[in-house]
Amino acid sequence: MNPLRTIGRTFLETSDTVGGITLVVWQILKALLPPKFDREQTWLNLYKVGVKSYPIVIMTSLFTGAIMVIQSGQYVKATGATGLLGWGAGYAVLAEIGPVLIGLMFSGRVGANNTAELGTMRVTEQIDALRTLAIDPMHYLVVPRFLSMVSMLLLLTALGDLFALIGGALTSQFVLDVNWRVFFQGVVNSSLLDEYLTGLTKGVVFGASISVVSCYYGLGVTGGAAGVGRAVNSCVVTSAIGIFVWDYLITYIVNGL
Amino acid sequence: MSPATDQPGQREVVLRVENLSLWFGEVCVLDGVDFEMRAGEVVGLIGPGGVGKTVFCKLCCGLLEPDGGRIEVLGQDLSGASGKERQALRERIGLVFQNYALFDFMTVGDNVAFPMRQRASHLAKDQREAFSEENIAAKVQERLAEVDLPRVRHLMPNELSGGMKKRVGLARANINDPELIFFDDPTAGLDPVTSSKIFNLIRKTQAQRNSSCLVVSHDIDRMRPACDRYILLYQGKVHFSGTAQQAMASKDPVLRDFFGKEAGLIA
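In this text, all values refer to a predicted model and were calculated from it rather than measured experimentally. (Residues numbered from 1 in each chain as written. Chains lettered and ligands numbered in written order. Predicted model: local features only at pLDDT ≥ 70, side-chain atom pairs only at ≥ 80, totals over all residues.)

## Considering the overall build of chain B
Selection criterion: Under the DSSP-based scheme used, a helix requires at least four consecutive residues in state H or I and a strand at least two consecutive residues in state E, with every element numbered from the N terminus. Restricting the calculation to C-alpha atoms gives the radius of gyration, and the globule rule supplies 2.2 Å times the number of residues raised to the power 0.38. Each residue is classed by its C-beta neighbour count within 10 Å, where at least 20 other C-beta atoms makes it buried, 12 or fewer makes it exposed, and intermediate counts make it partly exposed; the C-beta atoms are placed from backbone geometry. By the convention adopted here, residues make contact when the C-beta atoms placed from their backbones lie within 7 Å.
From N to C terminus, chain B includes nine helices and 10 strands. Taken over the C-alpha trace, chain B has a radius of gyration of 19 Å; the compact-globule value for 267 residues is 18 Å, and the two agree within 12%. For chain B, the spread of C-alpha atoms along the three principal axes comes to 55 × 45 × 45 Å. Looking at chain B as a whole, 40% of its 267 residues qualify as buried. Considering only contacts in chain B between residues 6 or more positions apart, those separated by 24 or more positions represent 65%.

## Quick look at the overall build of chain A
Helices and strands together make up the secondary structure of chain A, namely nine helices and zero strands. The linear arrangement of helices and strands in chain A, starting from the amino end, is α-α-α-α-α-α-α-α-α. Taken along its principal axes, the extent of the C-alpha atoms in chain A is 65 × 50 × 35 Å. In chain A, which comprises 257 residues, the share counted as buried stands at 44%. When contacts within chain A are restricted to residue pairs at least 6 apart in sequence, long-range pairs at least 24 apart make up 87% of them.

## As for the domain arrangement of chain B
Residues and elements named next belong to chain B. The test is simple: Boundaries of every domain are those given by an automatic assignment or by a domain database. Residue polarity follows a fixed list, in which Ala, Val, Leu, Ile, Met, Phe, Trp, Tyr, Cys and Pro are nonpolar, Asp, Glu, Lys and Arg are charged, and the others, Gly among them, are polar.
Once the domains are mapped, chain B shows domain 1 (8-92 + 178-266) and domain 2 (107-177). Centre-to-centre, using C-alpha coordinates, domain 1 lies 25 Å away from domain 2. Tallying contributions element by element places helix α6 (residues 192-209) first for the side of domain 1 that touches domain 2, with five residues. Along the lines of polarity and charge, the residues of the side of domain 1 that touches domain 2 split into six nonpolar, three polar and two charged.

## Remarks on the sheet that holds strand β8 (residues 212-216) of chain B
All names here are of chain B. The following threshold applies: Pairing between strands is defined by DSSP: at least two bridges between them are needed. Fitting a line to C-alpha atoms yields each axis, with helices limited to the stretch in contact; the angle taken between N-to-C directions then spans 0 to 180 degrees.
Taken in spatial order, the six strands of this open sheet run β6-β7-β8-β3-β9-β10, and their pairing is mixed. The sheet is open, and its two borders are formed by β6 (93-96) and β10 (237-242), each paired with just one other strand. Adjacent strand axes in the sheet meet at a mean angle of 15 degrees when their direction is disregarded. Note: strand β7 (residues 180-184) against β8, five bridges, orientation parallel. The residue bridging I181 from the neighbouring strand is C213, located in β8.

## Notes on the packing of helix α4 (residues 83-123) of chain A against helix α6 (residues 137-174) of chain A
Stated formally: In this scheme the handedness of a crossing depends on how the near helix is turned from the far one: anticlockwise by less than a right angle means left-handed, clockwise means right-handed.
At a minimum axis separation of 8 Å, α4(A) and α6(A) run at an interaxial angle of 145 degrees. In the packing of α4(A) onto α6(A), the handedness of the crossing is right-handed.

## Considering the sheet that holds strand β5 (residues 76-77) of chain B
All names here are of chain B. One open sheet accounts for four strands, arranged β2-β1-β4-β5; its pairing is antiparallel. Of all strands in the sheet, those with a lone pairing partner are β2 (27-38) and β5, marking the two edges. Strands β1 (13-24), β2 and β4 (68-73) of the sheet are contacted by helix α1 (residues 53-60), whose axis makes an angle of about 120 degrees with β1.

## Overview of the nonpolar core
Quick reminder of the rule: Remark: nonpolar core denotes a set of buried Ala, Val, Leu, Ile, Met, Phe, Trp, Tyr and Cys residues whose joining runs through C-beta atoms within 7 Å.
Residues B:L45, B:C60, B:I202, B:L214 and B:V215 are the most contacted members of the largest nonpolar core, which totals 133 residues. For this core, the element with the highest residue contribution is α6(A), accounting for 16 residues. No fewer than three residues from each of domain 1 (8-92 + 178-266) and domain 2 (107-177) of chain B sit in this core.

## What about helix α8 (residues 193-219) of chain A?
As a reminder of what qualifies: A helix is expected to span 1.5 Å multiplied by its residue count minus one.
A rise of 1.5 Å per residue sets the reference length of α8(A), with its 27 residues, at 39 Å; its end C-alpha atoms lie 39 Å apart and thus fit the reference within 8%. Of all 27 residues in α8(A), 19 are buried, a share of seventy percent or more.

## Focus: unusual backbone geometry
Residue and element names in this part refer to chain A. Residue L33 is joined to P34 through a cis peptide bond whose omega torsion reads -10 degrees. With respect to the secondary-structure elements, P34 resides in the loop between α1 (3-32) and α2 (39-49). Here A134, not a glycine, exhibits a phi torsion of approximately 65 degrees, which is positive. Following the sequence through the fold, A134 ends up in the loop between α5 (126-132) and α6. By the C-beta count within 10 Å, which is 19 here, A134 ends up partly exposed.

As structure tokens, then:
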């Protein structure tokens, strides 16, 4: 295969994707100023996206906090610096690991589901039916999903942070024999408010990124069931890349480099 | 829309297509199609598979953009229409999809009520009286009864047969009393008895509301009682436009292929 042709095709495909995603962002902004979206669909999506994701987020967070404590446990035991246990786990979980892992879980559960749902609506002409009924799919389908994912990933990140600390405290108590009060005292004394707010900001940005990417791939499906499968695959990959790119940029900006 | 006169040839034009062309890549699907349809007419759009009949319907509803030519629907030129004008126009037309396109996350009742509820959401509060939930429920029940499905309101679309889905699609397309309705192969995959019922329904609802209908189908025998005249799309162009009698009297081999043995009998 001609390498120049491969590079050219990759460049064109990437440009197409970036351009398409930018157009979706533009249309969402246009629909939000002034707000034009279906409220019933928004409530429905808040439930589907948020309430139904609580169990998986709680599980992920409990284990993330626990793993952080186990990782730092041997050094804490060796040095006896039990006060650092809460700081170490809290710092890693609140600013970095928590939002990223919750974002990845969210993109796998909610983003993929969203792409499959919109893609199926597309191939079964339900989106054309909406347009024929004088309903803008952006207002009815996309904006409610965008608002739901952004707000719910923010709340899920906050909830995940709490359960990650609980997971860390339980592990500290029952695995390392460090009293859970010492663990939480370490978290409080470390003044991790900035890290906590950075994590929440990441939750909002990841939510926006996952919703835009999943809607873009869902609305662009062609080619029946196989097309839906390809779109879901692309959505998961692009969302994951998006999470790491945004994570890098936010970390870079917050640390003032 | 009330026709200006009872003479079909002098009624208001509800759909005018001039020199319409559409390409899919290197394939020319429509190549200079000219067509006119008047208020109160039921026109059958026929042609071989893949000739562009569905595409033609979608172009007329503004779901696809043509590569050339002009489409005027209910007096509105689609090419020059703004988003708001298209939205206003779509509230006056209906489309029954070949594959039903029922919203699978809603019950049948909600599917049929959906266009009414959405229309109500665009109106000012004092104009919404006719769109109260009681009125919507009554109209949904009426439309479902018209299509012989009075007891399926609470079912989900996946609990219905193909013929029932088609009829629900018909009820949904009719709920806002559109002036012009497009039926994209409304009997595809249905048995002959159900097909006849669907065509009778189309004629009946058209007669009740004096709407205009463009019906895409291959089922020429069964659509005959429903249609006033036919358009035959062939090789991207309108090959024939006229009544069944004119088609059957013709010696054109393409027409004879389509109108089958009936054409042979007259010829």
